[in-house]
Amino acid sequence: MPLELRPLANVGVEVCGVAIDGELDEHTRGALIAAWNEHGILLFRRQDVTPDKQIAFSKLFGPLEAHPLKETTSQEYPELFMLANDPAKEKYMTASYAGKEIVGRLDWHIDLHYTGRPNRGAALRAVVCADEDGLTGFGDLAKAYAALDDRTKTRLEGLEVAYSFSMQRRHMRFVDLASYEPGPYSPRKPSDLGFPNFADVAYPAVVTHPVTGRKVLEIVEQFLDRVVAPHRHGLSNDEAIDLLQELVDHIRQPQFHYFHRWEPGDLILWDNWRAMHCATGVKPGTARVIHRTTIMGDATLGRVLEP
Ligand SMILES: [Fe+2]
């Protein structure tokens, strides 16, 4: 029987009638992989499963990898990454947006983008949900590319864009800084959160997806810094900045987005080589637990720039 897929708002699909802890026959497994490649963002509702089952299900899509932040990995399940609001640590993740204190807000990004080897995908499963806020946004950068006009597509041919890792949001050039104030305990250097110092990374502005062959607009807000050698492409520095701003404005359009309001048991699997994501964050003191599994990538999409 074919999978029942229901389109989500704008991008991605909901997979109906599949219990991920059940026995999935070969046909269903193949159809799920095909749906993931076709749509990039899959939602499965009400999946009340153990970590073992989530891990086993995620392995259908490729081998799993641990996240570089070891301390948040479950000891019992090394392939499971526990996202939980820890009251002792949340002050480091708190900032003010339009005068409101928010914990854990994240701009549009691709996971591990700053390494040049983003993971292939990931699954988030809600265990404890916030009563309000706490949405996760997903954006389809293949659709964003397809929607560009021909002139812009031509301008992007052969162009590379550089991303520069920073812990300080106010140093990111293309995030929306209106009404933003860092919190008093905002991390200032990568080691404050246990990260190494990542060198800058360059990506083609348009990446060909290694599995599906689709063209993906490799533009996200977080860490986006500059066009590499704009003069070689006939662009002045100002024109290069304007082009990046135009592309950021393009990917911010709601027609490429799906924002999910979590219910316990919801699982979203996304293709990190195609879809960006963001988090709206929550009020300080909000209890929230999400279990995450990460599907390893076997392709290098960006190149690390020498400092
Ligand atoms: Fe992320």
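Residues numbered from 1 in each chain as written. Predicted model: local features only at pLDDT ≥ 70, side-chain atom pairs only at ≥ 80, totals over all residues. Heavy atoms only, no water.

Caption draft 1: Up close: the overall build of the protein chain. Of regular secondary structure, the protein chain possesses five helices and 20 strands. The C-alpha atoms of the protein chain give 19 Å as radius of gyration, which agrees with the globular expectation for 307 residues (19 Å, within 12%). If you line up the protein chain on its principal axes, its C-alpha atoms span 55 × 45 × 35 Å. Looking at the protein chain residue by residue over its 307 residues, the buried ones come to 53%. Here the analysis covers contacts within the protein chain between residues at least 6 apart in sequence; of these, 83% occur between residues at least 24 apart. Of the accessible surface of the protein chain, which amounts to about 14,600 Å², a share of 51% is contributed by carbon and sulfur atoms. Averaging the locations of the 34 positively and 43 negatively charged side chains of the protein chain gives two centres separated by 2 Å. (Helix = DSSP H or I, 4+ residues; strand = E, 2+ residues; numbered from the N terminus. Rg over C-alpha atoms; globule rule 2.2 N^0.38 Å. Buried < 20%, exposed > 50% of the residue type's maximum accessible area, 1.4 Å probe, protein only. Contact = heavy atoms within 4.5 Å. Areas by Shrake-Rupley, 256 points an atom, 1.4 Å probe, with all protein chains shown as cover. Lys, Arg positive; Asp, Glu negative; His and termini not counted. Charge placed at Lys NZ, Arg CZ, Asp CG, Glu CD.)

Caption draft 2: Looking closely at the packing of aromatic side chains. According to the stated counting rule, one finds 16 aromatic pairs in the structure shown. Between the aromatic rings of F138 and W270, the centroid separation amounts to 5.4 Å while the plane-to-plane angle is 55°, which identifies the pairing as tilted. In this pair, F138 sits in strand β9 (residues 136-140) while W270 sits in strand β17 (residues 267-271), placing the two residues 132 residues apart along the sequence. When the ring of F165 is compared with that of F223, the centres are 5.0 Å apart and the planes differ by 40°; the resulting orientation is tilted. One end of the pair, F165, is in the loop between β10 (160-163) and β11 (180-182); the other, F223, is in the loop between β14 (215-217) and β15 (224-227), and 58 residues separate them in sequence. When its relative accessible area of 13% is taken as the criterion, F165 is described as buried. An aromatic cluster is built from Y114, F165, F195, F198 and F223, whose rings are joined through pairwise contacts. Of note, R169 hangs over the ring of Y180, and the distance from its end group to the ring centre comes to 4.6 Å. (Phe/Tyr/Trp six-rings, centres within 6.5 Å; stacked < 30°, edge-to-face > 60°. Lys NZ or Arg CZ within 6 Å of the ring centre and 35° of its normal.)

Caption draft 3: Looking closely at a nonpolar patch on the surface. A cluster of nonpolar residues, Y92, M93 and Y185, forms a patch on the protein surface that exposes about 310 Å² of accessible area. With respect to the helices, strands and loops of the structure, Y185 is situated in the loop between β11 and β12 (201-204). Residue classification places Y185 among the partly exposed positions, given a relative accessible area of 43%. (Patch = residues over 30% accessible without salt bridge, like charges linked within 9 Å, V, L, I, M, F, W, Y side chains within 5 Å. Salt bridge = Lys/Arg side-chain N within 4 Å of Asp/Glu carboxyl O.)

Caption draft 4: Just helix α5 (residues 237-251), in detail. With 15 residues, α5 extends 21 Å from end C-alpha to end C-alpha; this agrees with the ideal 21 Å at 1.5 Å per step. Of the positions making up α5, those classed as buried are A240, L243, L244, L247, V248, H250 and I251. On an axial view of α5, the arc spanned by its buried residues comes to 155°, and they lie on one face. Residues D238 and D242 are exposed on α5 and point more than 90 degrees away from its buried face. (Expected span 1.5 Å × (residues − 1). Arc of directions from axis to C-beta.)

Caption draft 5: Region of interest: the nonpolar core. Counting residues in each nonpolar core, the largest one holds 44 residues, and the members touching the most others are L156, L217 and I219. Secondary-structure elements contributing two or more residues to this core are α3 (141-146), β10, β12, β13 (206-208), β14, β15, α5 and β18 (275-279). Ranked by residues supplied to this core, first place goes to α5 with six residues. With sequence-adjacent residues up to four places away left out, L156 is seen in contact with L148, A205, V206, L217, L243 and L247. (Core = buried A, V, L, I, M, F, W, Y, C linked by side-chain atoms within 4.5 Å.)

Caption draft 6: Seen up close, a negative patch on the surface. Together, D149, D150, D238, E239, D242 and E246 make up a region of like negative charge exposed at the surface. The element that contributes the greatest number of residues to the negative patch is α5, accounting for four residues. Turning to its location among the elements, D238 is positioned in helix α5. For D238, a relative accessible area of 56% gives the class exposed.

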